[in-house]
Amino acid sequence: MVQDAKCNAVPTTELRIPKEFTKYEDVVEAEVIVRLEQWKERACEALSALRDQVCARVSVPPKDQGEIVYYTAAFDGDGPWILGSSRKTAQEVLSSFEKPGVELLECVLRVHVKPIFLSNPHPQINVDTGRKLPRTAGGPLGHLDYFEEQGWKSHPGLYNVLSWCLRNVDDRAVERLWHLFVPPIMTYLDDYQAPYKLQGVRLVSQLLQCAPSELLRRTGMDVLLSASLKTCFNFLHERETPDLIRASVSSHIQLINATTIVGSASRFDQLCSLLGESIIGNIWIYASREPEALQASVDCIPAIVESLGIGATRYLKALIPQLVFPLIPAPENGSSVSYKLSSIRTLHSVIQNCEPRIYKWRGTILEAIVKCWVDVGDSGLNDTETLALKDELRAACIALTHACRDTAPQITVELQSIQSLDKCLFTPLLVDSLGCEHAH
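Notes on the structure in this doc start here. Because the structure is predicted, anything quoted here is derived from the model rather than measured.

What follows is about the overall build of the chain. A count of helices and strands for the chain gives 21 helices and zero strands. Taking all 440 residues of the chain together, the buried fraction comes to 51%. Looking at the chain alone, contacts between residues at least 24 apart form 74% of all its contacts between residues at least 6 apart. Here the chain displays about 20400 Å² of accessible surface, and carbon together with sulfur accounts for 52% of that area. In the chain, the 43 positive side-chain charges and the 53 negative ones have mean positions that sit 4 Å from each other.

Below, the structure is given as structure tokens:
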């Protein structure tokens, strides 16, 4: 074992991912497909050679460590250039750099990542400090030039590299590396193509896990990230839309929690904007014929409603009709069991958090629960998802009964009337609700 053995003996040329993988799904030429498949096999062999060489060395110079991590981390994740075996081998190599120091992360980002983005810097970011610029570089139309030259997209492994670095940085090191993290992350987040935007949102989520709130505010990134995350809700007719909605809402809540104080007017206003403007006023209007997008937005609501608490009652006129619609069988309603499950779970959360005002909606909610219960029974399905739906319908009914125990005690009589229509059918749905009410 020779300590100063040359790392350039490592076959890194075989680990340079062909740019054709950027649009791999569009490749139809047989010779190109064969060439790319052969490259994947060679890359796997190169990773194995790299692993053996790293294990055989006493130590690796910092510069060489940065090169090894950059080329290897591109295989630690997902991508059409990655085989299961190459991912496993890459992870074995990276295990030699577990808990990397800030110097190694800086080397990867400064030497290998930063130069790729220098040809078209983000127009709202100071690339030397990672701070928000006071005005957009290039004027109001500066973003048009910014989108013309996008050489970074010919490096498909960059996302995995950035993700690895973010997973291995702590809140103390992130400030030193801020100017190296922010420009590429914002480039992904503000891209005009949904796949890159989704990757950007996921990188933002990782960044927020380690970024101190004071740093976000001091650099102006709290404002910039909030604005950029909201643009994700304009991509409503893409294949990535459901994932983009879920990831964007989750990251937005992360950002709000990181930069505002519990119980503050600022937190309340931002949560209201997220629910009222981004979801109700945007997704539910412009994606009304996109059931997967609607379901994704419904899945996001409990986290917002739980943070708003009783403040969410201002949105009941929009929430309740939208949430009960998938539950009611109708010719124009072809909601999947999965969508119904999402709706009833979210409805349950709304009932619990808006309890003082739910009594006004008990008829609407109860009608949807009962009709859905009948429809599920008529379907004859008994799979895991359908059984889960039945459990959620019972749970929502109990929550509704509990919410109305003081404001609308007559709900007990209403439940008994429903039960009397068909005891065999409705007793399994209502018995716990009635038992709960009698116990109270």
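Picking up where we left off.
Core analysis: the biggest nonpolar cluster contains 76 residues, and Phe75, Trp178, Phe181, Tyr188, Met221 and Leu225 have the highest contact counts within it. The biggest single contributor to this core is helix H9 (residues 194-210), with nine residues. Here phenylalanine 181 is in contact with Leu109, Leu162, Cys165, Leu166, Val169 and Val174, once residues within four sequence places are set aside.

With the rule as written, the count across this model stands at 11 aromatic pairs. Ring centres of tyrosine 70 and tyrosine 71 lie 5.1 Å apart, and the angle between their planes is 75°; on these two criteria the pair is classed as edge-to-face. When sorted by exposure, tyrosine 70 lands in the same class as tyrosine 71, which is buried. Centroid distance phenylalanine 117 to tyrosine 188: 6.5 Å. Interplanar angle 55°. Geometry classified as tilted. Separated by 71 residues along the polypeptide, phenylalanine 117 in helix H4 (residues 102-117) and tyrosine 188 in helix H8 (residues 178-189) bring together distant segments of the chain. Among the aromatic residues, those joined into a ring-pair cluster are Phe21, Tyr24, Trp39, Phe75 and Trp81.

Its 18 residues place the ends of helix H18 (residues 362-379) 26 Å apart at the C-alpha level, agreeing with the 26 Å of an ideal helix rising 1.5 Å per residue. Listed as buried for H18 are Arg362, Ile365, Leu366, Ala368, Ile369, Val370, Cys372, Trp373 and Val376. Taken from the residues just after H18, glycine 380 is the one with a positive phi, measuring 75°.

A few words now on the environment of glycine 77. Structurally, glycine 77 can be placed in the loop between helix H2 (62-73) and helix H3 (84-94). Linking glycine 77 and valine 161, residues 84 residues apart in sequence, is a C-alpha distance of 9.0 Å. Once residues lying within four places of it in the same chain are set aside, the contact partners of glycine 77 are Ile82, Arg87 and Asn160.

Once that is clear, we can look at the packing of H18 against helix H19 (residues 384-403). Interaxial distance between H18 and H19 falls to 10 Å at its minimum, and their mutual angle equals 155°. Relative to H19, the element H18 is oriented roughly antiparallel. Where H18 crosses over H19, the two elements pack in a sense that is left-handed. Together, Arg362, Ile365, Leu366, Ile369, Cys372, Trp373 and Val376 of H18 and Thr386, Leu389, Lys390, Leu393, Arg394, Ala396, Cys397 and Leu400 of H19 make up the contact between the two elements. Within the contact of H18 with H19, the residues separate by chemical class into 11 nonpolar, one polar and three charged.

What counts and how
Residues numbered from 1 in each chain as written. Predicted model: local features only at pLDDT ≥ 70, side-chain atom pairs only at ≥ 80, totals over all residues. Heavy atoms only, no water. Helix = DSSP H or I, 4+ residues; strand = E, 2+ residues; numbered from the N terminus. Buried < 20%, exposed > 50% of the residue type's maximum accessible area, 1.4 Å probe, protein only. Contact = heavy atoms within 4.5 Å. Areas by Shrake-Rupley, 256 points an atom, 1.4 Å probe, with all protein chains shown as cover. Lys, Arg positive; Asp, Glu negative; His and termini not counted. Charge placed at Lys NZ, Arg CZ, Asp CG, Glu CD. Core = buried A, V, L, I, M, F, W, Y, C linked by side-chain atoms within 4.5 Å. Phe/Tyr/Trp six-rings, centres within 6.5 Å; stacked < 30°, edge-to-face > 60°. Expected span 1.5 Å × (residues − 1). Axes fitted to C-alpha atoms, helices over the stretch in contact; angles between N-to-C directions. Parallel < 35°, antiparallel > 145°, perpendicular 65-115°, else oblique. Left-handed = near helix turned anticlockwise from the far one by under 90°. Nonpolar A, V, L, I, M, F, W, Y, C, P; charged D, E, K, R; others polar.

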